[in-house]
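As a plain string of letters, each chain reads:
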Amino acid sequence: MATLNPMPPVPAPKAKVIIFDTTLRDGEQSPGASLNRTEKLEIAHALEQLGVDVIEAGFPITSPGDFDAVRSIASELKQATVAGLARCTEQDVRRAGEAVQNAAHGRIHVFCATSKIHREFKLNKAKDEILRLTEQNVKLARDYVADVEFSPEDASRTELDFLAQVVQAAIEAGATTINCPDTVGYATPEEYQAMFEYLLAQVPGARNVIFSAHCHDDLGLAVANSLAAIRGGARQVECTINGIGERAGNAALEEVVMALRTRGDQFRFTTGIHTPRLLPCSRLVSTLTGLHVQRNKAIVGENAFAHEAGIHQDGVLKERRTYEIMTPEEVGLVRNKLVLGKHSGRHAFRQRLDELGLHLDAEALERAFGQFKMLCDKKKEIYDEDLEALADEQLVEDRQLFQLKNLQVMAGTHGVATATVTLLDSGGAEITDAAIGDGPVDAMFAAIQRLTRISARLDSYQVRSLTGGREAQGEAIVELTHNELKVRGRGFSTDILEASAKAYVAAINRVRTLSRRTVSQASPL
Ligand code: KIV
Ligand code: ZN
C-alpha cells in the first residue's frame, strides 16, 4: 500500500508584540531635547509610517505647549493609538482625557509610584492611599477612554506582594494595559522576567490585560530587560527612537525590533514595524532633538554596517553573512544615495520627501523647493540628508522673528576678527551691526546679540558635515541659556559660518518665543 507523504509541520503564527513609542514623552525628557509642536507632529507622522502601534505624545498637564502637541497629534493620526501621560490626580487625568478626546484611538496612561523609597520620600503616602488613588484615577480615566494604561512607577523596586495588590486594583478599576517600569534601570534580565511571571500567575484577571515593559538604560540593560520581559509574558514594549530618554535613556526601539526579527529562532514574536523606515526615523529624531547618534550605536549608528578590518571586508565581499547578521537595506541604509539634482522638478522633489516620511504643508513645500533649487546651484549632488535638512528648516515655528539676511566676516591667524551682520526683524526691516570677537564665530555671535538685544550664555556649539565631499552642507547647533531658559537652534548651509549664524539666530528666536509664553510646570508627584 502506498504511503502518503506526511505534511510538513506548519509553523505556529508568531504572536505580536505591541510597540509603544515614548520618544515624544520620555525621550523628550532627555536633557536638551525639547521639541516644538511642529517638530513633534513631524516625528509623530514618521512614527506612524514606521508602524508603531502606540505613540505616547506627551504629558498634557505639564505645559500648554505639551497639551497642544498631544491634542494635535491625537487629531491627525488615524492608525496609531495616541497616549497622553497623567499622574494619579484628577487634574492630570482630566487634562490627558481632554488632550486625546479627538483621537481615532486614544489612550490615557496613568502612573503612580509604588516602591517603598518613592512612597516614603517622594509621595509621603501609605500603601492604602496608593491603592485608593490608583483605583480612583483609573476609573476616572475610563470615563474618558476605553483604553487605559496604568504604570506602578519604580515597579521593579516595589515589594512583589504590594505590586500585585496595586496591579489588581488597577485591573479591577478598568485598566487594559499594565506597564511595570524599571524606572531607574536597576533590574537584571532574570529579575525583570520573574516579576512578570509572578504577576501573571498571582494577580486575578492578569491574563485579560496586556502587560508592558518600560526599561531605562542606567546599567546598559534596557534592551536585554525588555526582551526578558517578553519571555516573562509582556506583550507590549515601551521604547524610544535612538534610545533617547531620561538620564541614560530608554530601551532603543530599533534594537528591540531588530533583535526580535533577527533572532526569530529565540523569540517567536513579530512587530508591526516596517524596518526600512528605522534609519530615516532615527535621523529625523536626531536632527530635531539635536541628540546625535554615537557612531557605533547598534542598528542606526554610522559604523553599524561598516567593515574596517581587511579580513572582514574580504569575508563580506565573498559572502555577506560572514560578518553581517542583518542587511543594511533591512534597516533602511542606502549609502549616500544621489537622489535629486538641478533638473529635478517639484513632483520628484515632493515624492522623495514623501518616501523619506517628511510631511510639509503646501506653503512649506513651496519654500523648501525654492531653497532646494538654490542649493542645486551650490552643490551638484543632493542627498537624502540634504533634503532632510531642507525639510527641517521649514519646521521652525519662530520664522516671523529675526532672519539672517547678510553676513561678512574678516578673520585671520593674526589680528581681531570682525563680523558685520544684517538681519530682517519681525517687521521685515533690515538692521545691520558689526562686532569684533575672539575668532569669526565669536564676532558673528556678538553682532547678533547686539542686533537682537538678547544676551545669552553660549553653552554648546557644534558643527558637522551632513554628507561627505567638499561641497557638503554643514549643520551647526547652538545651545544658549538666557535667564535660566535653555534653548537650541540649528542652521544648515554649504558655508559653515552661515550655518552657525543661522543656528544662533534660530536660538535667539526661540528665546523670544518662549519668554513670551507662560508655562505652567506641574509639580512632581
Ligand atoms: O520610567 C518610568 O517609570 C516612567 C513612567 C511614567 C512610566 O516613565
Ligand atoms: Zn520612563
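Residues numbered from 1 in each chain as written. Chains lettered and ligands numbered in written order. Predicted model: local features only at pLDDT ≥ 70, side-chain atom pairs only at ≥ 80, totals over all residues. Heavy atoms only, no water.

Participant: Could you clarify how one ought to interpret the overall build of the chain in this entry?
Facilitator: Across its full length, the chain holds 16 helices and 18 strands. Compactness check: the chain gives a C-alpha radius of gyration of 25 Å against a globular reference of 24 Å for 525 residues, within 12% of the reference. Principal axes of the C-alpha set define a box for the chain whose edges measure 85 × 70 × 40 Å. Relative to its 525 residues, the chain shows a buried fraction of 53%. (Helix = DSSP H or I, 4+ residues; strand = E, 2+ residues; numbered from the N terminus. Rg over C-alpha atoms; globule rule 2.2 N^0.38 Å. Buried < 20%, exposed > 50% of the residue type's maximum accessible area, 1.4 Å probe, protein only.)

Participant: Would you mind going over the pairing of strand β4 (residues 81–87) with me for this structure?
Facilitator: As a general feature of sheets, a regular strand has side chains that alternate between the two faces. Among the 7 residues of β4, 7 are classified as buried, and the element is accordingly described as predominantly covered. Burial along β4 is two-sided: the residues Thr81, Ala83, Leu85 and Arg87 and Val82, Gly84 and Ala86 are all buried. Where strand β3 (residues 54–58) and β4 come together, 4 bridges link them in parallel fashion. What sits directly across from Gly58, in β4, is Gly84. (Pairing = 2+ DSSP bridges.)

Participant: I'm lost on the coordination of the zinc ion (ligand 2) in this one. Help?
Facilitator: Four donors placed tetrahedrally about a metal ideally form angles of 109.5 degrees, and six donors placed octahedrally ideally form angles of 90 or 180 degrees. Every protein donor of the zinc ion (ligand 2) is accounted for by Asp26 (OD), His214 (NE2) and His216 (NE2), and the metal-donor separations fall at 2.0 to 2.1 Å. Of note, the zinc ion (ligand 2) draws all its donor residues from one chain, in the sequence arrangement D-x187-H-x1-H. Of this pair, Asp26 sits in the loop between β2 (18–21) and α1 (37–50) while His216 is found in the loop between β8 (210–215) and α8 (222–231), placing the two residues 190 residues apart along the sequence. The pair Asp26 / His216 is uniform in exposure class, with both members buried. (Donors = N, O, S within 2.8 Å, 3.2 Å for Na, K, Ca; no water.)

Participant: Looking at this structure, how should I read the environment of Ile171?
Facilitator: Note that Ile171 resides in helix α6 (residues 160–173). Since its relative accessible area comes to 15%, Ile171 is described here as buried. Considering only alpha carbons, one finds Ile171 and Leu47, 124 residues apart in sequence, at a separation of 29 Å.

Participant: How should the packing of aromatic side chains be read in this particular structure?
Facilitator: Any two aromatic rings considered together are summarised by their centre-to-centre distance and by the angle between their planes. Taken as a whole and assessed by the stated rule, the structure comprises 8 aromatic pairs. Considering the side-chain rings of Tyr192 and Phe196, the 5.0 Å spacing of their centres and the 90° angle between planes classify their relative orientation as edge-to-face. Here Tyr192 pairs with Phe196, and both are found in helix α7 (residues 189–202), just 4 residues apart, close to one helical turn. Here Tyr192 matches Phe196 in class, with each residue buried. In this structure an aromatic cluster arises from ring pairing among Tyr192, Phe196 and Phe211. (Phe/Tyr/Trp six-rings, centres within 6.5 Å; stacked < 30°, edge-to-face > 60°.)

Participant: In this structure, what is going on with the site of ligand 1? I would like to understand it.
Facilitator: Lining the immediate surroundings of ligand 1 are Arg25, Asp26, His109, Phe111, Ser151, Glu153, Asn179, Pro181, Thr183, His214 and His216. Contacts to ligand 1 include His214, whose side-chain N or O atom sits 3.1 Å from an oxygen atom. Protein contact buries 95% of the 260 Å² of open area that ligand 1 shows by itself. For the shell around ligand 1, the secondary structure elements donating two or more residues are β5 (106–113), β6 (148–153) and β7 (177–182). (Near = heavy atom within 4 Å. Polar contact = N/O pair within 3.5 Å; in protein donor to acceptor, adjacent residues only side chain to side chain. Areas by Shrake-Rupley, 256 points an atom, 1.4 Å probe, with all protein chains shown as cover.)

Participant: Would you take a moment to explain the environment of Arg261 for this structure?
Facilitator: Assignment of secondary structure puts Arg261 in helix α9 (residues 253–262). C-alpha of Arg261 to C-alpha of Asp438: the two residues are 177 residues apart in sequence and 53 Å apart in space. At 2.7 Å, the side chain of Arg261 forms a polar contact with the side chain of Glu330.

Participant: Looking at this structure, I do not really get the packing of helix α5 (residues 127–144) against α6. What am I missing?
Facilitator: In helix packing, the relevant descriptors are the interaxial angle and the interaxial distance, both defined with respect to the helix axes. The geometry of α5 relative to α6 is characterised by a closest axis approach of 8 Å and an angle of 25° between their N-to-C directions. By the angle class used here, α5 and α6 are roughly parallel. In this structure, the crossing between α5 and α6 has a hand that is right-handed. Here α5 contributes Lys127, Ile130, Leu131, Thr134, Glu135, Val138, Lys139 and Arg142 to the contact with α6, which in turn contributes Phe162, Gln165, Val166, Ala169, Ala170 and Ala173. For the contact of α5 with α6, the residue count by class is 8 nonpolar, 2 polar and 4 charged. (Axes fitted to C-alpha atoms, helices over the stretch in contact; angles between N-to-C directions. Parallel < 35°, antiparallel > 145°, perpendicular 65-115°, else oblique. Left-handed = near helix turned anticlockwise from the far one by under 90°. Contact = heavy atoms within 4.5 Å. Nonpolar A, V, L, I, M, F, W, Y, C, P; charged D, E, K, R; others polar.)

Participant: What is the right way to look at the pattern of salt bridges in this model?
Facilitator: Pairs can form between side chains of opposite charge once their charged atoms are near each other. Scanning the model with the defined rule gives 42 salt bridges in all. One salt bridge in this structure joins Glu56 and Arg25, with 2.9 Å as the shortest N-O distance. Taken together, the residues Glu56 in strand β3 and Arg25 in the loop between β2 and α1 connect sequence positions 31 residues apart. We note that Glu56, like Arg25, is buried. Here Glu120 ties to Lys116 by a salt bridge, and the two come within 3.2 Å at their closest N and O atoms. On the criterion of helical spacing, the pair formed by Glu120 and Lys116 is a turn pair, its members being 4 residues apart in helix α4 (residues 116–123). (Salt bridge = Lys/Arg side-chain N within 4 Å of Asp/Glu carboxyl O.)

Everything listed is a geometric property; what it means functionally is a separate question.
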